[in-house]
Amino acid sequence: MAAGGGGSGDPLAPAGVPCAFSPHSQAYFALASTDGHLRVWETANNRLHQEYVPSAHLSGTCTCLAWAPARLQAKESPQRKKRKSEAVGTSNQTDLLALGTAVGSILLYSTVKGELHSKLVSGGHDNRVNCIQWHQDSGCLYSCSDDKHIVEWNVQACKVKCKWKGDNSSVSSLCISPDGKMLLSAGRTIKLWVLETKEVYRHFTGHATPVSSLMFTTIRPPNESQPFDGITGLYFLSGAVHDRLLNVWQVRSENKEKSAVMSFTVTDEPVYIDLTLSENKEEPVKLAVVCRDGQVHLFEHILNGYCKKPLTSNCTIQIATPGKGKKSTPKPIPILAAGFCSDKMSLLLVYGSWFQPTIERVALNSREPHMCLVRDISNCWAPKVETAITKVRTPVMNSEAKVLVPGIPGHHAAIKPAPPQTEQVESKRKSGGNEVSIEERLGAMDIDARKKGKDDLQTNSFPVLLTQGLESNDFEMLNENAFLSFYSGFQKLISPGRERGSEVEPWQWKVLQTRNVNLIKKTVLRMPLHTVIPLLQELTKRLQGHPNSAVLMVQWLKCVLTVHASYLSTLPDLVPQLGTLYQLMESRVKTFQKLSHLHGKLILLITQVTASEKTKGATSPGQKAKLVYEEESSEEESDDEIADKDSEDNWDEDEEESESEKDEDIDEEEDEDAEGKDEENGEDRDIASEKELNGDSDLDPENESEEE
Amino acid sequence: MVDEETIRVVRCGGSELNFRRAVFSADSKYIFCVSGDFVKVYSTVTEECVHILHGHRNLVTGIQLNPNNHLQLYSCSLDGTIKLWDYIDGILIKTFIVGCKLHALFTVAQAEDSVFAIVNKEKPDIFQLVSVKLPKSSSQEVEAKELSFVLDYINQSPKCIAFGNEGVYVAAVREFYLSVYFFKKKTTSRFTLSSSRNKKHAKNNFTCVACHPTEDCIASGHMDGKIRLWRNFYDDKKYTYTCLHWHHDMVMDLAFSVTGTSLLSGGCESVLVEWRDATEKNKEFLPRLGATIEHISVSPAGDLFCTSHSDNKIIIIHRNLEASAVIQGLVKDRSIFTGLMIDPRTKALVLNGKPGHLQFYSLQSDKQLYNLDIIQQEYINDYGLIQIELTKAAFGCFGNWLATVEQRQEKETELELQMKLWMYNKKTQGFILNTKINMPHEDCITALCFCNAEKSEQPTLVTASKDGYFKVWILTDDSDIYKKAVGWTCDFVGSYHKYQATNCCFSEDGSLLAVSFEEIVTIWDSVTWELKCTFCQRAGKIRHLCFGRLTCSKYLLGATENGILCCWNLLSCALEWNAKLNVRVMEPDPNSENIAAISQSSVGSDLFVFKPSEPRPLYIQKGISREEVQWGVFVPRDVPESFTSEAYQWLNRSQFYFLTKSQVTAPLKKAEESLPTTPFYFILGKHRQHQDEKLNETLENELVQLPLTENIPAVSELLHTPAHVLPSAAFLCSMFVNSLLLSKETKSAKEIPEDVDMEEEKESEDSDEENDFIEKVQDTNNTGLGEDIIHQLSKSEEKELRKFRKIDYSWIAAL
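Looking at an unreviewed UniProt entry, one finds chain B named WD repeat-containing protein 75, with Rhinopithecus bieti as its source organism. Under the UniProt heading Subcellular location (unreviewed entry), the note attached to chain B is "Nucleus, Nucleolus". One UniProt comment on chain B, placed under Subunit (unreviewed entry), says "Component of the proposed t-UTP subcomplex of the ribosomal small subunit (SSU) processome. SSU processome is composed of more than 70 proteins and the RNA chaperone small nucleolar RNA (snoRNA) U3."

**As for the overall build of chain A**
Secondary structure summary: chain A contains 18 helices and 31 strands in total. For chain A, buried positions account for 50% of its 708 residues. Sequence-distant contacts in chain A: of pairs separated by 6 or more residues, those separated by 24 or more amount to 55%. A total accessible area of about 33,800 Å² is found for chain A, and carbon and sulfur atoms account for 53% of it.

**A closer look at the overall build of chain B**
Assigned secondary structure in chain B consists of four helices and 58 strands. Per-residue burial for chain B yields a buried fraction of 57% across its 815 residues. Taking the contacts inside chain B whose residues are at least 6 apart along the sequence as the reference set, 48% of them involve residues at least 24 apart. In the structure as shown, chain B presents an accessible area of about 34,500 Å², 50% of it carried by carbon and sulfur atoms.

**Focus on the pattern of salt bridges**
Side chains bearing opposite charge may pair, as long as their charged atoms lie close to each other. Taken as a whole and assessed by the stated rule, the structure comprises 26 salt bridges over all chains. We note a salt bridge from Glu-406 of chain B to Lys-420 of chain B, for which the minimum N-O separation is 3.4 Å. Remark: Lys-420 of chain B occurs in strand β37 (residues 415-425) and Glu-406 of chain B occurs in strand β36 (residues 401-409); sequence separation between them is 14 residues. Accessibility assignment for this pair places Glu-406 of chain B and Lys-420 of chain B in one class, buried. What emerges from the salt-bridge pattern is a single network uniting Glu-42 and Arg-47 of chain A together with Glu-47, Glu-48 and Lys-367 of chain B.

**Focus on the nonpolar core**
Residue and element names in this part refer to chain A. Core analysis: the largest hydrophobic core is formed by 33 residues, its most contacted members being Phe-29, Val-296, Leu-298, Ile-317, Ile-335, Leu-347 and Leu-349. Sequence-distant contacts of Val-296, that is, excluding residues within four places in its chain, are made with Ala-288, Val-289, Val-290, Cys-315, Thr-316, Ile-317, Ile-335, Ala-338, Leu-347 and Leu-349. If you look at the next biggest cluster of nonpolar residues, it comprises 26 residues, including Ile-520, Cys-559, Leu-568 and Leu-581.

**Points about the environment of Pro-615 of chain B**
Residues and elements named next belong to chain B. Looking at the element boundaries, Pro-615 is found in strand β54 (residues 614-625). Exposure remark for Pro-615: the relative accessible area of 4% places this residue in the buried category. Sequence-wise, Pro-615 and Cys-567 are 48 residues apart; in three dimensions their C-alpha atoms are separated by 8.8 Å.

**A closer look at the UniProt feature "repeat: WD" (unreviewed entry) in chain B**
Mapped onto this numbering, the UniProt entry annotates "repeat: WD" (unreviewed entry) at residues 53-95 of chain B. Across residues 53-95 of chain B, helical content stands at 0% and strand content at 58%; the span's end C-alpha atoms are separated by 13 Å.

**Quick word on the sheet that holds strand β17 (residues 177-182) of chain B**
Residue and element names in this part refer to chain B. Spatially, the four strands line up as an open sheet ordered β15-β16-β17-β18, and their pairing is antiparallel. Since the sheet does not close on itself, it has two edges, and those belong to β15 (161-164) and β18 (187-192), each with one partner. Across the sheet, the mean angle separating the axes of adjacent strands is 20° when strand polarity is ignored.

**Considerations on helix α9 (residues 547-563) of chain A**
End to end, α9 of chain A covers 24 Å across 17 residues, agreeing with the expected 24 Å (1.5 Å per residue, within 8%). The sharpest bend along α9 of chain A comes to roughly 30°, located at Met-553 of chain A.

**Description of unusual backbone geometry**
In the Ramachandran plot, Lys-148 of chain A falls in the positive-phi region, its phi being about 75° despite a non-glycine side chain. Structurally, Lys-148 of chain A can be placed in the loop between β10 (140-145) and β11 (149-154). On the accessibility criterion, Lys-148 of chain A (33% relative accessible area) is partly exposed. The backbone of Phe-398 of chain B sits at a positive phi, close to 60°, despite the residue not being glycine. Mapped onto the secondary structure, Phe-398 of chain B falls in the loop between β35 (389-396) and β36.

**Structural notes on helix α11 (residues 574-588) of chain A**
Residue and element names in this part refer to chain A. An ideal rise of 1.5 Å per residue puts 21 Å on 15 residues; α11 measures up with 20 Å between its terminal C-alpha atoms. Along its length, α11 shows its largest kink, about 40°, at Thr-580. All buried positions along α11 are accounted for by Leu-574, Val-575, Leu-578, Gly-579, Leu-581, Tyr-582, Gln-583, Leu-584, Met-585 and Ser-587.

**Some words on the packing of aromatic side chains**
Evaluation of the coordinates by the stated rule reveals 46 aromatic pairs over all chains. On the numbers, 4.8 Å between centres and 50° between planes, the contact of Trp-230 of chain B with Tyr-241 of chain B is tilted. Taken together, the positions of Trp-230 of chain B in strand β21 (residues 226-231) and Tyr-241 of chain B in strand β22 (residues 240-245) put the pair 11 residues apart, joining distant regions of the chain. With 5.2 Å between their ring centres and 80° between their planes, Tyr-424 of chain B and Phe-431 of chain B make a pair best called edge-to-face. The two residues Tyr-424 of chain B and Phe-431 of chain B agree in class, both being buried. In this structure, Arg-202 of chain A is placed above the aromatic ring of Tyr-201 of chain A, and the distance from its NZ or CZ to the ring centre is 4.2 Å. The side chain of Lys-185 of chain B reaches across the aromatic face of Phe-182 of chain B, ending 4.6 Å from its centre.

**Let's talk about the sheet that holds strand β12 (residues 159-165) of chain A**
Residue and element names in this part refer to chain A. An order of β9-β10-β11-β12 is seen for the four strands of this open sheet, with the pairing classed as antiparallel. Two strands close off the open sheet at either side, each with one partner strand: β9 (129-134) and β12. With direction set aside, neighbouring strand axes in the sheet form an average angle of 20°. Bridging between β9 and β10 involves five bridges; their strand directions are antiparallel. Counterpart to Gln-133 in the pairing with β10 is Tyr-142.

**Focus: the side chain of Lys-159 of chain B**
All names here are of chain B. Positionally, Lys-159 belongs in the loop between β14 (147-154) and β15. Asp-253 provides the closest opposite charge to the buried, unpaired Lys-159, separated from it by 5.4 Å. Once you skip the residues sitting within four places of it in the chain, Lys-159 turns out to touch Arg-21, Cys-208, Val-209, Met-252, Asp-253, Glu-294 and His-295.

**Looking at a positive patch on the surface**
Among the surface-exposed residues, Lys-521, Lys-522, Lys-558 and Lys-614 of chain A lie close enough to one another that they form a single positively charged patch. Relative to the helices and strands, Lys-558 of chain A resides in helix α9.

**A short note on the state of the cysteines**
As used in these notes, a disulfide is a covalent bond between sulfur atoms, one from each of two cysteines. For the structure on display, the rule yields zero disulfides over all chains. With no disulfide of its own, Cys-158 of chain A lies 12 Å from the sulfur of Cys-140 of chain A, the closest cysteine sulfur. Cys-208 of chain B supplies the cysteine sulfur nearest to Cys-268 of chain B, a cysteine that is in no disulfide, at a spacing of 13 Å.

**With respect to the confidence of the model for chain B**
Residue and element names in this part refer to chain B. Summarising the model, chain B shows a mean pLDDT of 78, and 79% of its residues fall at 70 or more. Counting contacts from residues 664-710, a segment whose pLDDT is below 50, to residues more than four positions away or on other chains yields 135 contacts. Confidence over residues 745-793 falls short of pLDDT 50; this stretch has 101 contacts with residues more than four positions distant or in other chains. Quick note on the complex model: pTM equals 0.72, ipTM equals 0.71.

**Comments concerning the packing of helix α8 (residues 532-544) of chain A against α9 of chain A**
Residues and elements named next belong to chain A. Between α8 and α9, the least distance of the axes is 9 Å, while the angle of their chain directions is 155°. Viewed along their axes, α8 and α9 adopt a mutual orientation that is roughly antiparallel. At the point where α8 passes α9, the crossing takes the left-handed sense. Between α8 and α9, the contacting residues are Val-532, Leu-535, Leu-536, Leu-539, Arg-542 and Leu-543 on the first element and Ser-549, Ala-550, Met-553, Val-554, Trp-556, Leu-557, Val-560 and Leu-561 on the second.

Analysis parameters
Residues numbered from 1 in each chain as written. Chains lettered and ligands numbered in written order. Predicted model: local features only at pLDDT ≥ 70, side-chain atom pairs only at ≥ 80, totals over all residues. Heavy atoms only, no water. UniProt positions renumbered as here; feature names shortened; annotations may be inferred. Helix = DSSP H or I, 4+ residues; strand = E, 2+ residues; numbered from the N terminus. Buried < 20%, exposed > 50% of the residue type's maximum accessible area, 1.4 Å probe, protein only. Contact = heavy atoms within 4.5 Å. Areas by Shrake-Rupley, 256 points an atom, 1.4 Å probe, with all protein chains shown as cover. Salt bridge = Lys/Arg side-chain N within 4 Å of Asp/Glu carboxyl O. Core = buried A, V, L, I, M, F, W, Y, C linked by side-chain atoms within 4.5 Å. Pairing = 2+ DSSP bridges. Axes fitted to C-alpha atoms, helices over the stretch in contact; angles between N-to-C directions. Expected span 1.5 Å × (residues − 1). Bend = angle between axes of the 7 residues up to and from the residue. Phe/Tyr/Trp six-rings, centres within 6.5 Å; stacked < 30°, edge-to-face > 60°. Lys NZ or Arg CZ within 6 Å of the ring centre and 35° of its normal. Lys, Arg positive; Asp, Glu negative; His and termini not counted. Patch = residues over 30% accessible without salt bridge, like charges linked within 9 Å, V, L, I, M, F, W, Y side chains within 5 Å. Charge placed at Lys NZ, Arg CZ, Asp CG, Glu CD. Disulfide = S-S within 2.5 Å. pLDDT = per-residue confidence, 0-100. Parallel < 35°, antiparallel > 145°, perpendicular 65-115°, else oblique. Left-handed = near helix turned anticlockwise from the far one by under 90°.

So this is what it looks like as structure tokens:
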């Protein structure tokens, strides 16, 4: 699997560091870094599994490594092997790792036991080992070296089985054929050996520089007409040092053809190559080539013949840092190795530094020719070698997260106006003649607010402030202030962490901070009707805020609701306007629900009685104003018109107001609605909730009926 | 030639590692721990399991190194045997049959040919320490019936027995007294702590004991957190003890270091305390070990300690109190609320882990990957403290979103509930909290599901709660002038007659949402959130609900608490079929139409795999587990298998894993087959299966119908296989023709499971009136499915078939 070789000074040594994924499930990634340490990483959770420092790591650095095929693990006694195969979970365990060194020795390291298993030295190489290959069945090991020889090892006995001269110069790469009967070796030219007789079966031209990787790409010949002898017709791949072309060769029956059948072009010298074997002729070969420049090139081809032109990659993968802000530009992160997962649809990418690589599984489903993954590995750079004891990962919890508590919009479904109602809202707006653009309003408000603010802050009495505001006919200003503050309130909701102290509050809202109940009552009583809804919205916003301010607002809210209950119940668009308030109240009075309902109703009754008595006597300035303005009456007219037009909703509302005895019937209706008998289900539901809302402004008639 | 394919249940993980003290090998390279019926050998360096020693037939209760040969290990088990192992190679050397249940094992170097064991002979709760003489014999199995009695009325736990000072005496503790038996004098001294003297000593029960390796000193741990060091106990009168007090709660285990210079203690504080020179001043701590320390052991070489913890892990600690390795099993010390899930990204199994954590567990390697800290609050370990529990979790949108629900309920009315929605950040490769919702419902959340339809443009989550509502949460744009952001908001709240919402699930394409309200299933349109229709069977509360998939997507399945499994057709709004089956676990396979149901009966759990379109199950396995199965999950395979027989095809693309109460996650796996997969094998296998299949078909349905050629696997395989790899035409001809014929054989009736009467339900259920726009289709279902016949062959038939195969296809061996 591995196609890497170490080395530093030699210009013809392959780039990159020896590394390999463990066979089968790719559970581990072994990497022999240039400091002589062998590190094994767990691919699933990117954890350093173990670290091994060979005793002679400075003189004999690791030049190549190879995992033993899984079946070899439980060797020694056949009795144990049998038992092993029964134990699921350990039978697929990968264990032995063969390390070739620069001085010619081969170390067998057991990753399960974390110790050196054995050392293959005697009669072997006397120069740098370039490549190691395990035989998939027999348990033999093949190695090649700069001393021009190829050695076949008996691993159990740690002895040389056979040693022969493989080339006139150093042998740099090896590969065993899929049937296990042939061996490819390469220096600059490529030779195919028959393993049994150690005779050269075929010659191939090879590369101009030492071949760094050899790999069979198919296990069955593309042309299945003639009988398959195990080797003829197979394709294999070779990559060489300083060569941007990967050549594909075919083993032909006739001996004449020696040149490559096709080639793949990549951007730099290949460092690591992995491929999925194609098992039948329809299935394409997938090839992942990691280049020295840190890119991965993916090829997907069905190999079936000769192609003169070098093939370019189907897909290129790069990784870069995000590049925060304007200062730092994204930097590329080098990919060190890439291996196909067993499902052939995803790729394990190893990237970052050699000392702390990040291993990630990337799905290959996109058809795009270029994939650029943005990864932030800044916190991975610091080498952390010690094992984590608790294996706990802490997901990030920062203040940017949205927080929803009961009563805040978004915690409960927003109450949407029924379609006919929105029309009414619009028509009402038109009839109101309130068609000033927001821009104009803002402008006007800005001036007015400042002017008024200065004026009114000098006078320190709240009732005067409000009456001044009312008597100066400046309703619109009040309105728009509410409008504005609603906006700012909305923004605050989105980012609840932000302080509201920085904003300068409009002057009116200082009034709201009073605790004097009588003052509040009086002020509310004199409020012009237009301002009731904006005031309620402002109150709602403040209720959602800090509990301290909510305490003050409750008084205001109570007054507004008791004093203006009758006005509010005439509004057709009350539901969408006060839905939030309703939900807020609902969630806040959860604990003693029935008691608070009863309490509310009693207060409502008493205050209505007393208020009506009081207002009989005294004519409030607010009412005077009401009579003066034409807008007010026109609005009422329009309301009536709409009610006349038809609209069941309004009819329901009226009825509800007039006689609360019918509530029971309405309840039944609601239930039926919920069963979904009606076709206009959604609409009805809205109506139902609207009823509830209206009921709430009357402090819940439903419960009244229950209590009765 | 080919073994009959069988499905078997394989224990694949989650075994307990912290049942007894772990034992180090003499060179400290390996550590042994008991794990169910096995002994596991781990490497102390790599944390890898080197060997599993299996041979015991019941719970292994004790392991000790052979004091006379450090390469051998004794183990004892409840099956009444002591086994001697060569742990380097993992070979069983000898079995000593004792004949009574052994609860613990001790070895002493001085007693050469005998070991000590705890047995209970007469009454179930009276335990005795006995010495077992192990006879020397060359045979593999030896009877060792020669027991000599040492101490009576001892505690069952091996922590309450310790051999001291090279086997001169043995100390045992129980309740309020310490008894010391001197082997030479053959006398017992008993030292009692008064419990009733005053209230301060109310909790000074003994919990564990350890003996100094060289001096005459016994250390005992107590319930109130004190450690007492007893000296001079040769004299009944002049004995002394000193107190060491650091632990605030019960001392769980004690151990002396090899030289005896320091004493190690641990408890539920999860701090390892090293008392140097047995003085209260010289203490060293190794804190934050993660969970209650259950056992402490020391390596004979003296360089390593290890602590076993209640969260199923063993920590190997250096002499200088530095943790060097962690052997972590599946954390399962608490009940699993979240069920089993598969993380779409890592393909790991996800379930409750440590308190407040989700654990990611790799099924392939039987290893914990990591714990994800969801609650992020310091875990305070104290008795009687009500903790925040992670109750629900779900992955959505291919692993990009994770929703978790945590709750803490002190009293009936005081519920704290929080839902967190985590987004997977690809840049940092980790989860980031996106939205936190306090009290998403007023009562416990019963179900949580994401809409995982591929085309859905907006991530959608549904929560169902006992408060009678279900809420639909959608991801909306929360950007403002300061930043770009997304956040979750509630889009819709639904309810049905104030019934408790018990389950919810989305259809495969995400167009429909099914929510069950106790006995009633409601179907909602996921675009407008309108109630489309309701199904009610009046058969008890719905326990599980799921939609069919792929070709069966028109079906909805519900399992009720009264043991009825119903299948409704969503097109006709009618009950398609129902079956009497007490379903405990119902899981749809994400890769196929199949649904697995595990039913619970008095004798054990049975597995049924079926397609909603046909009431006849594809596969039945009785008695997959003796215990109650709690959860199950289908795990997609990376590489599809190709099982030919229809009964096993459901395992081709997924494996089924389930979790039982006691310990193990057991997958359903197929036995390995010896034959390599070649085209021949496919042909033969399929052909054979086809025959079996057809036998059954004719028996069951009494339908005479010509098989369609494209449906016969043998034929299709024949046509798609290259000619040069096919056997001779003469051979294939008869097979080919055979496969087209209908079998005329008549067979005897099969065994019929009584609880699987998949009767066709003719009557329509009381779905509501608004469904009348859909015509009820009934004529499609009455194709003779009324018979209760299960797809199975009698044994004689199987034998015949096997014989037939052996004879007929032996030519393949020559190839």
